[in-house]
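# Remarks on the overall topology
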Amino acid sequence: MVKKHLYAEGAPEVIGPYSHAVQVGNLLFLSGQIALDPKSMELVDDTFRNEAKQVFSNVETILAAANCSLDDIVKITVYLTNLKNFEQVNAVMSERLSTPFPTRSAVGVAALPRGANIELEVIALTKG
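Structure report, in brief. (Residues numbered from 1 in each chain as written. Predicted model: local features only at pLDDT ≥ 70, side-chain atom pairs only at ≥ 80, totals over all residues. Heavy atoms only, no water.)

The number of helices and strands found in the protein is 2 helices and 6 strands. The C-alpha atoms of the protein give 14 Å as radius of gyration, which agrees with the globular expectation for 128 residues (14 Å, within 12%). In terms of overall dimensions, the protein has C-alpha extents of about 40 × 35 × 25 Å along its principal axes. Considering the protein as a whole, with its 128 residues, one finds that 41% of them fall into the buried category. Across the protein, the fraction of contacts at a sequence separation of at least 24, relative to all contacts at a separation of at least 6, is 67%. Working note: accessible area of the protein is about 6800 Å², and carbon and sulfur atoms make up 53% of it. Positive and negative side-chain charges of the protein, numbering 11 and 14 respectively, have mean locations separated by a distance of 4 Å. (Helix = DSSP H or I, 4+ residues; strand = E, 2+ residues; numbered from the N terminus. Rg over C-alpha atoms; globule rule 2.2 N^0.38 Å. Buried < 20%, exposed > 50% of the residue type's maximum accessible area, 1.4 Å probe, protein only. Contact = heavy atoms within 4.5 Å. Areas by Shrake-Rupley, 256 points an atom, 1.4 Å probe, with all protein chains shown as cover. Lys, Arg positive; Asp, Glu negative; His and termini not counted. Charge placed at Lys NZ, Arg CZ, Asp CG, Glu CD.)

Before going further, it helps to spend a moment on the pattern of salt bridges. Taken as a whole, this structure holds 3 salt bridges when the rule is applied. Ionic pairing is found between Glu60 and Arg96, a salt bridge with its closest N-O pair at 2.5 Å. Of the two residues, Glu60 is situated in helix α1 (residues 48–65) and Arg96 in helix α2 (residues 86–96); the sequence distance between them amounts to 36 residues. Relative accessible area serves as the criterion here: at 24%, Arg96 is assigned to the partly exposed category. Across the salt bridge formed by Asp72 and Lys127, the nearest N and O atoms sit 2.5 Å from each other. Separated by 55 residues along the polypeptide, Asp72 in the loop between α1 and β4 (73–80) and Lys127 in the segment after β6 (118–125) bring together distant segments of the chain. Taking relative accessible area as the criterion, Asp72 reaches 16% and is therefore assigned buried. (Salt bridge = Lys/Arg side-chain N within 4 Å of Asp/Glu carboxyl O.)

Okay, structure coming up:
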């Protein structure tokens, strides 16, 4: 199968040796996204909720570059430096995603790049 590498205009620049996403067949695998502002490349860190919202916006930008939307997500892995923020993640997901919701795992971690409090890793189904 052919792998197609995707770099999404309008998304934060990658901060390492990886692609924004890789498509294999009808599956799109997004690299983990943190709450970087795409223009300043600085972490949005005034509140956890705003950080979570920015992460979903970054994911949405990358999905759009592949002609996908948040509705095409089939799996989300949420990495949190503090599991006490789990309910806030649920609230943002409820605002940004439609039912039926994708599958999800939440993992507590000691630290994330750039001091982020949340990182999302996503798998989506493409339209072709």
